[in-house]
Amino acid sequence: MSDADRETQFRRARDAAREIFLHALAEASISKAFMRHVHCERGVLRLGDDLYHLEAYSRLLVISIGKAGHTMVEALAQQMGASSLEGIVASSVEPPSQVRGFRYFHGGHPTPNLESIHAANAILKALDAQTTASLVIFMISGGGSSIVEKAIDDEISLDDLIATYRALVLSGAPIAEVNAIRKHLSAVKGGRLARAAFPAQQVSLLVSDVPDGMPDALASGPTMADSTSAEDCYRVADRHGLLPQFPHSTRELFERHALEETPKSDDQAFYRSRWWTILSNQTAVEQGTAAAERAGFAVHVDNSCDDWDYERAAGHLLQHLRELKKQFSRVCLISGGEVTVKVTSGGAGGRNQQFALACAAKIAGESITVLSAGTDGVDGNSPAAGAVADGTTVARAKALGLDACAALDKFDAYSFFRALGDTIETGPTGNNLRDLRILLAY
């Protein structure tokens, strides 16, 4: 194969990887998820597999929480008609317009702000007014943990709450342990919104940015039973030496063992509750798989490296891809979830571009293409969603005077890929289903 033919092959593979990702992104949109899972006709509302006869309820209240709060309300209004809806939207994203009948709050992310507390108070007040004849539709997406927040104890100020969460994040404790404490310190997390809505009929529509199979981790599970206990919180705080780092108001609750227990699965709050995950990382993986198969690739899925260090994940997935290449002439390996990057210097980029750059150094000269991008359209501190690399990336960069290894060490993957024209730029999507990695061998 001539050099020109080989360059054409690589260019087509880069284009194919982009098309697979963009198809997955389009099909995993909130509007299409609502078209698949929500339908209203002749007074009957279908949510997931459940049917609700609207004339049986005296009031319908919608509570939409998270980065996709506005987008989800818009999608619901398209299926039901905006004139029939009322409720509250709390999001960290400023919407271009507001849906009539809804109160909007601009909550903080990644830490709560005053609007987060105002939103929590408004939601709790609205839920307290519901009766057995009410239908409450909760719509929950990523970021809800900080966007809507209220401390369980009035002695804990907003500043104290932020300081407590900062101590938790920096403690090195696993996220499940961090969330256990967050839930027990909150008046809205860990099923407490469900308890506030009782005795109304409740249904939660989830757009998940957490690992599949852990829906109660989404926004710290405000409408789901909590499997952790106050005793778990005391053990976590002791194990990680957290009490000296907590502000006095929080520390005092722990020292007195005075945390209030969260609702468990046998709580009456869940007797009339249902939950449907209508969109998750699995949706993006499935749609990417369908697009790759249509492009003529044998497709395999490997999500085993979720939450791995990016270097370890790159080595694992490339080894898996090379093994598959021994069996198939054209193969696509798709991987969902997120990798981790510990940044030690101040370049521009994010975990997806860092992963792609790590792969570039490992596949130089090989007929392999790797794309890694975030479904939210944002990767770290860059304007890109991710990047695409292949067997020519290192050589093309060298011809431009770029050093792939230096860019990797500086965590400056965005500048590197931008110079090559190999960034993936979609703009913010208003949705977050975690990341998608697409590896092609041909």
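The structure this text deals with has already been given above.
Residues numbered from 1 in each chain as written. Predicted model: local features only at pLDDT ≥ 70, side-chain atom pairs only at ≥ 80, totals over all residues. Heavy atoms only, no water.

Enquirer: For unusual backbone geometry, give the residues involved together with the corresponding values.
Expert: Each neighbour pair has its own omega, and for H109 with P110 the value is 15 degrees, a cis peptide bond. Mapped onto the elements of the fold, P110 is located in the loop between strand 6 (102-106) and helix 4 (114-128). Cis geometry is adopted by the peptide bond preceding P199, which originates at F198 and carries an omega value of 15 degrees. Of note in the backbone geometry, A219 takes a positive phi value of approximately 55 degrees without being a glycine. Look at A219 and you get buried, because its relative accessible area is 8%. (Helix = DSSP H or I, 4+ residues; strand = E, 2+ residues; numbered from the N terminus. Buried < 20%, exposed > 50% of the residue type's maximum accessible area, 1.4 Å probe, protein only.)

Enquirer: Could you give me a rundown of the packing of helix 12 (residues 310-325) against helix 13 (residues 351-362), with the residues and numbers involved?
Expert: Look at helix 12 against helix 13: their axes get within 9 Å of each other, and the N-to-C directions meet at 50 degrees. Considering the angle they form, helix 12 stands oblique to helix 13. In this structure, helix 12 meets helix 13 at a crossing whose hand is right-handed. Residues Y310, E311, A313, A314, G315, L317, L318 and R322 of helix 12 lie in contact with helix 13, whose contacting residues are Q354, F355, A358, C359 and K362. Grouping the constituent residues of the contact of helix 12 with helix 13 by class yields eight nonpolar, two polar and three charged. (Axes fitted to C-alpha atoms, helices over the stretch in contact; angles between N-to-C directions. Parallel < 35°, antiparallel > 145°, perpendicular 65-115°, else oblique. Left-handed = near helix turned anticlockwise from the far one by under 90°. Contact = heavy atoms within 4.5 Å. Nonpolar A, V, L, I, M, F, W, Y, C, P; charged D, E, K, R; others polar.)

Enquirer: Account for the sheet that holds strand 2 (residues 44-47), naming residues and giving values.
Expert: Strand order in the open sheet formed by three strands is 1-2-3, with antiparallel pairing between adjacent strands. Sheet topology places strand 1 (38-41) and strand 3 (50-53) at the edges, where each strand pairs with a single neighbour. Taken over all neighbouring pairs, the strand axes of this sheet differ in orientation by 15 degrees on average, direction set aside. Here four bridges tie strand 2 to strand 3, and the two strands are oriented antiparallel to one another. Paired with R46 across the two strands is L51, which belongs to strand 3. (Pairing = 2+ DSSP bridges.)

Enquirer: Quick rundown of the sheet that holds strand 6? Include the residues and the values.
Expert: Strands sit in the order 6-5-4-7-8-9 across an open sheet of six strands; the sheet is parallel. What marks the edges here is a single partner per strand, and that holds for strand 6 and strand 9 (273-279). On average, each strand axis in the sheet is inclined to that of its neighbour by 15 degrees, with strand direction left out of account.

Enquirer: Can you break down the packing of aromatic side chains residue by residue, with the values?
Expert: For the structure on display, the rule yields five aromatic pairs. Plain terms: the ring middles of F10 and Y442 are 6.1 Å apart, the flat faces sit at 80 degrees to each other, and that makes the pair edge-to-face. Of this pair, F10 sits in helix 1 (residues 3-27) while Y442 sits in the segment after strand 15 (435-441); the two residues are 432 residues apart in sequence, bridging distant segments of the chain. Residue F10 shares its accessibility class with Y442, and that shared class is buried. Measuring from centroid to centroid gives 5.4 Å for F246 and F254, while their planes differ by 55 degrees, and the two rings are tilted. Summarising the burial analysis for this pair, F246 and F254 share the class buried. Taken together, Y234, F246 and F254 form an aromatic cluster joined through their ring pairs. The residue whose ring lies beneath R312 is W308, and the NZ or CZ to ring-centre distance is 3.6 Å. (Phe/Tyr/Trp six-rings, centres within 6.5 Å; stacked < 30°, edge-to-face > 60°. Lys NZ or Arg CZ within 6 Å of the ring centre and 35° of its normal.)

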